[in-house]
Amino acid sequence: MNTLRRYVFRLAFSPFCFNFVSVLRGETISTGAPKTCPQCGVTPALKVCKSAAGYYIGAWCRCGPYSRESFYYPRKDLAEAALRSGHWAPR
Ligand SMILES: [Zn+2]
């Protein structure tokens, strides 16, 4: 049982799970997904996030990754500059 729980925990924080979650939700905050997570009630702030595919502008709530708003950037400073300017390429 313990092993299974550890496995589930690891899965929940893996990039695979993130992709799975964003496919499930299918929407970004800018295209109409609710600003507040219906499951945990947190209103996540946009920030620069990192995944296996690169850096992106997205939001995390208590459940984990909430949305990805931008395409992947190859460098963190590019994503930060886009977030600061408020102009980024939507995914
Ligand atoms: Zn949540």
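Residues numbered from 1 in each chain as written. Predicted model: local features only at pLDDT ≥ 70, side-chain atom pairs only at ≥ 80, totals over all residues.

A. Local environment of the overall build of the protein chain. In terms of regular secondary structure, the protein chain is built from three helices and three strands. Written out in order from the N terminus, the α and β elements of the protein chain read α-α-β-β-β-α. For the protein chain, the residues scored as buried account for 19% of the 91 residues in total. Summarising the internal contacts of the protein chain: among those between residues at least 6 apart in sequence, 36% fall at separations of at least 24. (Helix = DSSP H or I, 4+ residues; strand = E, 2+ residues; numbered from the N terminus. Buried ≥ 20, exposed ≤ 12 C-beta atoms within 10 Å, placed from the backbone. Contact = placed C-beta atoms within 7 Å.)

B. Region of the structure containing the nonpolar core. Core analysis: the biggest nonpolar cluster contains eight residues, these being Cys49, Tyr55, Tyr56, Ile57, Tyr73, Ala79, Ala82 and Leu83. Of all elements in the fold, only strand 2 (54-61) and helix 3 (76-85) reach the threshold of two or more residues within this core. Excluding residues that lie within four positions of it along the chain, tyrosine 56 makes contacts with Cys49, Ser51, Arg68, Ser70, Phe71, Tyr72, Tyr73 and Ala79. (Core = buried A, V, L, I, M, F, W, Y, C linked by C-beta atoms within 7 Å.)

C. Highlighting the pairing of strand 1 (residues 46-51). In this sheet, strand 2 lies alongside strand 1 in antiparallel orientation, the contact comprising six bridges. Along strand 2, the bridge assignment pairs leucine 46 with alanine 59. (Pairing = 2+ DSSP bridges.)

D. Summary view of the confidence of the model for the protein chain. Predicted confidence across the protein chain gives a mean pLDDT of 80, with 71% of residues reaching 70 or more. Here helix 2 (residues 15-25) stands out as the element of the protein chain with the lowest mean pLDDT, 47, in contrast to helix 3, whose mean of 96 is the highest. (pLDDT = per-residue confidence, 0-100.)

E. Expanded view of helix 3. If you check which residues of helix 3 are buried, you get Ala79, Ala82 and Leu83. Buried residues of helix 3 fall within an arc of 100° about the axis and therefore sit on the same side. Every exposed residue of helix 3 that faces more than 90 degrees away from the buried side is listed here: Asp77, Arg84 and Ser85. A positive phi of about 80° marks glycine 86, the residue just after helix 3. (Arc of directions from axis to C-beta.)

F. Fine view of the pairing of strand 2. Where strand 1 folds back on strand 2, the antiparallel hairpin that results is connected by two residues. In the sheet, strand 2 pairs with strand 3 (residues 64-68) via four bridges, with the strands oriented antiparallel. Among the inter-strand pairings, alanine 59 is bridged to a residue of strand 3, identified as serine 67. Hairpin connection, strand 2 to strand 3: the antiparallel pair is bridged by two residues.

G. The environment of leucine 46, seen in detail. With respect to the element layout, leucine 46 can be found in strand 1. Under the C-beta neighbour-count criterion, leucine 46 is labelled partly exposed, with 18 such atoms within 10 Å. Taking the C-alpha atoms as reference points, leucine 46 and arginine 68, separated by 22 residues in sequence, lie 9.1 Å from one another. Beyond its immediate chain neighbours, meaning those up to four positions away, leucine 46 contacts Ile57, Gly58, Ala59, Glu69 and Leu83.

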